[in-house]
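# Observations on chain architecture
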Amino acid sequence: MDLPVIGNTAPAAGGGCSSGGCGAAPDALAHLPDHIRAKVQDHPCYSEEAHHYFARMHVAVAPACNIQCNYCNRKYDCANESRPGVVSELLSPGQAIKKVLAVAAAIPQMTVLGIAGPGDPLANPARTFETFRQLSERAPDIKLCVSTNGLNLPRYADEIARHNIDHVTITINCIDPDVGAKIYPWIFWQNRRIRGVEAARILVEQQQKGLEMLTARGVLVKVNSVLIPGVNDRHLKEVSKRVKAKGAFLHNVMPLIAEAGHGTYYGLMRQPEPTTAQLRELQDDCAGDMAMMRHCRQCRADAVGLLGEDRGPEFTLDKIDRLALGDIDYETALIRRKEVRDAIHGELRQKREQQQTLRREAGGAPHAPAAADHGIPAGTRSVLMAVAGKNGLVAEHFGHAREFQIYEASPGGVRFIGHRKTDLYCGGSATCGGDDGRPEAALDKTVAALAGCEVVLCSKIGYEPWNKLETHGIWPNGEHALEPVEDAVLAVYRELHANGKLALPATERQAA
Amino acid sequence: MALQITQACVNCWACAGVCPNGAIAREIPHFLVDDQKCTECLGDYAEAQCAAICPIECAIVDEAGDPLNPPGSLTGIPASPV
């Protein structure tokens, strides 16, 4: 099935995460009341469907922070890193406005502007709220959002509601101060540096109070948690329950990033990062409680563009400084954004209707494809598959995939699980060589990243990687090129079942 | 008497926002304390505010050059990590 193209304004979907694979995802927000769904449907960070079409940007106007987290190094500044808290160019509110207007004119898919750091936005209230104030005047169609550690949230909850900021993300790693004392060495509170359990107690209290105040004011709240094995892994289910009870609409559990080279406490002290299996298990445990986000890419605080791509280098500070506000025709840009947005909505609506029709014609349920409808008995074991996808189709060459989307096929249906990043295995002759000048090193890393998967779906794959995958018990499959991802995953699952492969446990099959 | 900012400073602005005397200004390559205005917060607060919020060890020193936040005091990272 080809993606429908509507007029000339159809988005050039692409960029880093170009999977439409999260296509099952609209249902993930189905439990939300209509007015909240309407608010999040264009938001790339909240809607898995939207993140393939709509772009976001962060402006780094908030350098100061009022707490220390053990996974953060305030000295860090590296343009090659893509992770929270890392940012290259600090902007004044005036520069930020220019940058946003320039980006929103150049990328009409832009719907969301966030302030996420590199410190805590609410520890920089003047710079943060000045940016929001000017933006809501000049680009009223852009949604505003802010991320915070929550310490100053109760103080600014009213101001947040006043600025029409409808999305707030609070990072809540614990509700138990004893757990918190292992994550936060200190906070700055009421003119003092406070340490240990006392610091964590105050932080937890302010976060919970802030969450209540925001939901009481109709502000959407998402909660981020960093999964830190051995520190808060067992605790996060309780956190998930509590924040849901207080009205958070999404819970995003992210893996700890702790590399020694980043110079963080956890990195230097060799605190283990969670495995993908640990992360998934926890996300599954929490999913029973509320909508979970699985497509989060842990963006930099100055990220620009679609999730998974970063167009930041096109909009550097020297380019912004050379720009006069008069150079940007924001009236025209506003109209263009509306056209593009309407076209995307039309496309999404049409896509949904087409899928429902196709499935109804096939005699199945109108929504997500369920394997049970296709003769796979309940109790059959599930299978993880990695997909090199583009725009919702199996359309990427194995060696060109920068990341794989991971799907789980089970009798209950096909479910998007998450992403795994790879080093580019084949970047053409100029870059081929990978680590140590050996392409095999990059291939080894890709194979390691796909651990646990039994199948890789891609449009094409070379002879050498094919063999390598097979020796690791991963079955490469290029037979479903250009088919919709979920249909392809289901077809392969049915094939495995028909061939009796699902009667064997995964390990035996992989060893066979 | 006045505190000083050293080259360990990462220009995060935190101190400038909490100084009760407006004694801290952004300079290149890093923020500096105006020693005419700095009172080390005596009479205002129990702790010098810049040193109480600064996230970087050894970035704020007293007149003797001694750091108010010595190595390991903020991050807990020992001098030679495991």
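Here the structure is a predicted model, which is why all the values come from computation and not from measurement.

When helices and strands are tallied, chain B shows 2 helices and 4 strands. Ordering the α and β elements of chain B from the N terminus gives β-α-β-β-α-β. A compact globule built from 82 residues would reach a C-alpha radius of gyration of about 12 Å, and chain B, at 13 Å, matches this within 12%. If one aligns the C-alpha atoms of chain B with their principal axes, the spans along those axes are about 40 × 30 × 25 Å. Counting only residues that meet the buried cut, chain B has 40% of its 82 residues in that class. Considering only contacts within chain B whose residues lie at least 6 apart along the sequence, 44% involve residues at least 24 apart. Of the roughly 4200 Å² of accessible surface on chain B, 52% is carried by carbon and sulfur atoms.

On to unusual backbone geometry. Trans peptide bonds make up most of the peptide bonds, and negative phi angles are found at most residues other than glycine. Note the cis peptide between Ile28 of chain B and Pro29 of chain B, where omega equals 5 degrees. With respect to the helices and strands, the residue Pro29 of chain B is situated in the loop between β2 (24–25) and β3 (32–33). Its identity is not glycine, yet Gln190 of chain A carries a phi of approximately 50 degrees, on the positive side. Within the element layout of this structure, Gln190 of chain A appears in the loop between β6 (186–189) and β7 (192–195). Positioned with a positive phi, Arg270 of chain A is a non-glycine residue whose angle comes to about 60 degrees. Relative to the assigned elements, Arg270 of chain A resides in the loop between α8 (265–268) and α9 (276–287). Overall, the relative accessible area of 62% leaves Arg270 of chain A in the exposed class.

Calculation criteria
- Residues numbered from 1 in each chain as written.
- Chains lettered and ligands numbered in written order.
- Predicted model: local features only at pLDDT ≥ 70, side-chain atom pairs only at ≥ 80, totals over all residues.
- Heavy atoms only, no water.
- Helix = DSSP H or I, 4+ residues; strand = E, 2+ residues; numbered from the N terminus.
- Rg over C-alpha atoms; globule rule 2.2 N^0.38 Å.
- Buried < 20%, exposed > 50% of the residue type's maximum accessible area, 1.4 Å probe, protein only.
- Contact = heavy atoms within 4.5 Å.
- Areas by Shrake-Rupley, 256 points an atom, 1.4 Å probe, with all protein chains shown as cover.

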